[in-house]
Amino acid sequence: MANISIRSVHKKYGPLEVLKTFSLEIEDGEFLVLVGPSGCGKSTILKILAGLEPASGGQIFLGKRDVTDLAPADRDVAMVFQNYALYPHLTVRQNIGFGLRMRGMNQQETRARVLDAAKTLGVESYLDRRPKDLSGGQRQRVALGRAIVREPQAFLMDEPLSNLDAKLRVQMRAEISALHKRIGVTTIYVTHDQIEAMTMADRIVILRDGKIQQIADPDTMYQHPDNLFVAGFIGSPGMNFLKATPTELDGIAAVSILDVKIPIGARRLDGARKVIAGIRPEHFSFGKGAISVNLRSTLVESLGSEKYVYFDCGDHLVECKMEAQEESSKGLIARISQSGRIAEGDEVPVSFNPADVYLFDADTELVVR
Amino acid sequence: MRSVNIPDLLVVSNGSLDHSRTEVLPPTFWPDPPQWKTFAKVWEERPILLWLANSTFAALGSVTLSMFVSVLAGYSLSRFQVRGGNSLGLFILTAKMLPATLLVIPLFSIFRNVGLIGSIWSLVIAHSTLIIPFTTWMLKGYFDTIPKELEHAAMVDGCSPLGAMIRVILPVSAPGLAATSLYAFVLSWADYAYARTFLTNSQDNWTANLGITTMRGEYVTDWNEIAAVSVFVAIPILLIYLFLERYLVGGLTAGAEK
């Protein structure tokens, strides 16, 4: 096990810079999740860490070793791939033991360690099968077994759950978290699924267009997003963004949202003329509250325990283009846990608390603190 | 399918016919009774084993040389993005677009200069010039279908890039390698023009196809004997098909991915 130090690593393909200067210190034993939309550079940094892609510049340290120019075989990291990448011509036993054989381990010890890893992951009864005879979940376990059997300094996982069905994904998510707690190896996990990131990570790194947007633990990432992108990316359904106009209310700074003036407390707009307000769907409630507005519902989706209610806000809504926010195109969304009948087309009072309103500078997209 | 097999059937039946009945219309498909002695006669009178051995040497040599070159070339074209790589690939393919007969004279000139006329090695090299362009593209196409993550996994597990190719990619490519080898073998086995040009004066090196053409007489041709030798010449190809069948039908990458 070792800490990982990524120092000013960047990557260019010709004139295209897919990874901008990237620096990060990862603690020994930490579970770090890199998350972002497709093409944000998260898999590229993982391949650079594994040695499968050369960096255009910068340095990578694994513990005290500078591994920047080392071949993948010499880095002592293990990688789990999105599509498993099991060797189809080998049995499960040979797949798991492949890395040990390549490192010249004797047959007896290889056999014992393969069996240990297989028991850990519950695949010991499939050891003589070929990958084609396994289910998706079993294949993923074998891929994990191939990684843990080598007892590497770090695990690199490239969207390992994205090929599994929803139920199995939840199960494997918990298994990977439990495995990490048990063996404590430094893990860098890449995903585009913010729920995986929130549930598994010690720390999350959000990337966009090859640039780090924010590094924080899951709670901080959710409660204190640094910018509009992070605020929209984390949370499901995504945050609602509304046009806001700086104004005054009884002599104190305020913003006007949905034609209602809302005090902004200690937050300083610092002369920002265009402001975007963000309210999470779960921060709305029905009925009168601190701030109440009447809105007409356009669509009601019932999930059993809660409802997603969409409201028509006309041109008050700001369309922020990001992958995680498909809901914004349907209108303002409220996540309501109360039971009760809400029909499409009803005009209902909706309320929220001013403290739950995030403010962003529309030009810089940074949060207003 | 049946119509495709009629010429084959005709060759076999002609081999078991009496000479006088081979040029009669309509042709006889089911000789009654079959004259199997023709097969024994040609086996005794003609150096069929030597011809087959020469054909086998030329074909196996061509397959070995072609596969060695085209595996490396096809893998490189499939995996490595180099400046001009696509143009280079197309340039290789243009060699396949030239008719084989167009190359006879330049190849003859080269082989004469290096003393290879009359040697079976001239066939190995000449056939390889025909085979390599096409097999390189066949294998490039096959390698393209194999996920890159397989060799990435092998490299992270401790292989060098070449080691990953040998230990993982080539075993997984067995069906593609088998199909390509078969193509190369058949192309070399079926050659007549190059053998006629380079080996005419050295009977010890005659291939089966060249040997068969010497069985035509000036006034009379024993077609039943030619048909009987043709059956012997076809047997190795059938055996190779049977041997490679399990690789040809196998989808070995099943299970590598979801």
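A few points on the structure.

Thresholds applied
Residues numbered from 1 in each chain as written. Chains lettered and ligands numbered in written order. Predicted model: local features only at pLDDT ≥ 70, side-chain atom pairs only at ≥ 80, totals over all residues. Helix = DSSP H or I, 4+ residues; strand = E, 2+ residues; numbered from the N terminus. Contact = placed C-beta atoms within 7 Å. Axes fitted to C-alpha atoms, helices over the stretch in contact; angles between N-to-C directions. Parallel < 35°, antiparallel > 145°, perpendicular 65-115°, else oblique. Left-handed = near helix turned anticlockwise from the far one by under 90°. Nonpolar A, V, L, I, M, F, W, Y, C, P; charged D, E, K, R; others polar. Pairing = 2+ DSSP bridges. Core = buried A, V, L, I, M, F, W, Y, C linked by C-beta atoms within 7 Å. Buried ≥ 20, exposed ≤ 12 C-beta atoms within 10 Å, placed from the backbone.

With that settled, the discussion passes to the overall build of chain B. What chain B contains, in helices and strands, is 12 helices and 0 strands. Order of helices (α) and strands (β) in chain B, N terminus to C terminus: α-α-α-α-α-α-α-α-α-α-α-α. A fraction of 74% describes how many contacts in chain B between residues 6 or more apart in sequence connect residues 24 or more apart.

Packed helices, taken two at a time, are described by the angle their axes make and the gap between the axes. All names here are of chain B. In the contact formed by helix α3 (residues 48-79) and helix α9 (residues 174-189), the axes pass within 8 Å of each other and the chain directions differ by 140 degrees. Between α3 and α9, the angle falls in the class oblique. Both α3 and α9 take part in a crossing whose hand is right-handed. Residues Ser55, Ala58, Ala59, Ser62, Val63, Ser66 and Met67 of α3 touch α9, and the partners they reach there are Thr180, Ser181, Ala184, Phe185, Ser188 and Trp189. Here the contact of α3 with α9 is built from residues that sort into 7 nonpolar, 6 polar and no charged.

With that out of the way, let us pick up the sheet that holds strand β19 (residues 347-352) of chain A. All names here are of chain A. Strand order in the open sheet formed by 5 strands is β15-β19-β16-β17-β18, and the pairing between neighbours is antiparallel. With one partner strand each, in any of the chains shown, β15 (285-286) and β18 (332-336) form the two edges of the open sheet. As paired strands, strand β16 (residues 291-302) and strand β17 (residues 307-312) are joined by 6 bridges and run antiparallel to one another. Bridge assignment links Glu301 to a residue of β17, and that residue is Tyr308.

Quick look at the interface of chain A and chain B now. Each partner contributes to the interface: chain A provides 25 residues, whereas chain B provides 21 residues. Residue assignment for the side of chain A that touches chain B shows that the elements contributing at least two residues are β6 (77-80) and α2 (92-102) of chain A. For the side of chain A that touches chain B, the class distribution of residues is 17 nonpolar, 5 polar and 3 charged.

Moving on, we come to the nonpolar core. Ranked by internal contacts, the top residues of the largest apolar core, which has 153 residues, are Met79, Leu156, Ala277 and Leu359 of chain A. The element contributing the most residues to this core is helix α6 (residues 120-144) of chain B, with 10 residues. Met79 of chain A has contacts with Ala50, Ala147, Leu156 and Asp158 of chain A together with Ala153 and Val156 of chain B, leaving out every residue within four places of it along the chain.

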